[in-house]
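Inside the fold
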Amino acid sequence: MAAVILEARCVAPFVVRVRFSDGQEGEASLKPCLFEWEPARVPDLTPQLRDWLRSPENFQTVRVDPESGTLAWGDARPFSASVVYWRVEKYRMKVTLRSKEGAVLSTLLLGGRHEVWSKPLTVGRADTNVIVVDQDGVAAYQAQVTVGGGHHPCFFIEAVEGVTIVGGNRLETPGQRCRVSAREPLVLEMGACLVDID
């Protein structure tokens, strides 16, 4: 029997995070299905439903239909579970916290890129941050990181409080920003530790 979808939630416009019955999980972008593919590739996606799902507000109402094991919006189930399975991107973001001497203090595995980068990634000592760095010399809300730049992706780092050193830049004034290429892992120096985001 083919795998069916057990869990799904919208994490970005036209992107769902899914978990299948065979353990496969990740993010599936359905944007190409809605905006690029010929209608014959998704025969259950009527022109009216396609137009309706092109609205991010409508798309985010996605749920799992327990009987068919695929995505549903109201009574509509336009994508087979196999189409969604094929669209899954298994990429996840790894964060490593290490001492300046190189000892690994902790690691964290975050969701896929759409889920993680749909809003700024916050870094600091407070437990409400996405990346919690409970180390001496780290402020409660030290910095926030976003990604952008289109064909030349960059990390944009903004100081919130405390001192963060990144790519030779020293950020110490709240609101101060810098950008570095996203072609390599991002390394943030905070207090006595380094935060690697890969």
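Residues numbered from 1 in each chain as written. Predicted model: local features only at pLDDT ≥ 70, side-chain atom pairs only at ≥ 80, totals over all residues. Heavy atoms only, no water.

1. With respect to the sheet that holds strand E2 (residues 15–20)
Stated precisely, the cut-off is as follows: When DSSP finds two or more bridges between two strands, those strands count as paired. Put simply, DSSP marks the helices as runs of H or I at least four residues long and the strands as runs of E at least two long, and each gets a number from the N terminus on.
Across the sheet, which stays open at both edges, the four strands sit in the order E1-E2-E3-E6 with antiparallel pairing between neighbours. The outermost strands of the open sheet, each flanked by one partner alone, are strand E1 (5–12) and strand E6 (88–89). As paired strands, E1 and E2 are joined by six bridges and run antiparallel to one another. Its bridge partner lying in E2, Cys-10 is registered against Val-16.

2. Observations concerning the sheet that holds strand E11 (residues 143–148)
Strand order across the open sheet formed by five strands is E10-E9-E11-E12-E15, with mixed pairing between neighbours. The open sheet has two edge strands with one neighbour each: strand E10 (131–132) and strand E15 (177–181). Relative to E15, strand E12 (residues 154–159) is paired through five bridges, and the arrangement is antiparallel. When the sheet's bridge partners are listed, Phe-156 is paired in E15 with Arg-179.

3. Some words on the confidence of the model for the protein chain
Our working definition: Per-residue confidence from the predictor is reported as pLDDT, a score between 0 and 100.
Residues with a pLDDT of 70 or more make up 99% of the protein chain, whose mean pLDDT is 92. By mean pLDDT, helix H5 (residues 113–117) is the weakest element of the protein chain at 80, and helix H3 (residues 56–59) is the strongest at 97.

4. Here's the deal with the packing of aromatic side chains
Rules: Between 30 and 60 degrees the pair is tilted, below 30 it is stacked and above 60 it is edge-to-face, where a pair is any two Phe, Tyr or Trp rings, Trp via its six-membered ring, whose centres lie within 6.5 Å. The buried label applies to any residue whose accessible area, calculated with a 1.4 Å probe on protein chains only, is under 20% of its type's maximum; exposed applies above 50%, and partly exposed to all values in between. In our convention, an over-ring charge means Lys NZ or Arg CZ found within 6 Å of a ring centre and within 35 degrees of that ring's normal.
Summed over the entire model, instances satisfying the criterion amount to seven aromatic pairs. Summarising the aromatic geometry, the rings of Phe-20 and Tyr-85 are spaced 4.8 Å apart at their centres and angled 75° between planes, so their arrangement reads as edge-to-face. Remark: Tyr-85 occurs in helix H4 (residues 81–87) and Phe-20 occurs in strand E2; sequence separation between them is 65 residues. Measuring from ring centre to ring centre gives 5.4 Å for Phe-59 and Trp-73, while their planes differ by 45°; the resulting arrangement is tilted. Residue Phe-59 is located in helix H3, and its partner Trp-73 is located in the loop between strand E5 (70–72) and H4; the two are separated by 14 residues in the primary sequence. For the pair Phe-59 and Trp-73, one class covers both residues: buried. Among the aromatic residues, ring-to-ring pairing joins Phe-14, Phe-35, Phe-59, Trp-73 and Phe-79 into one connected group. A cation over a ring is seen here: Arg-41 above Trp-37, with NZ or CZ 3.9 Å from the ring centre.

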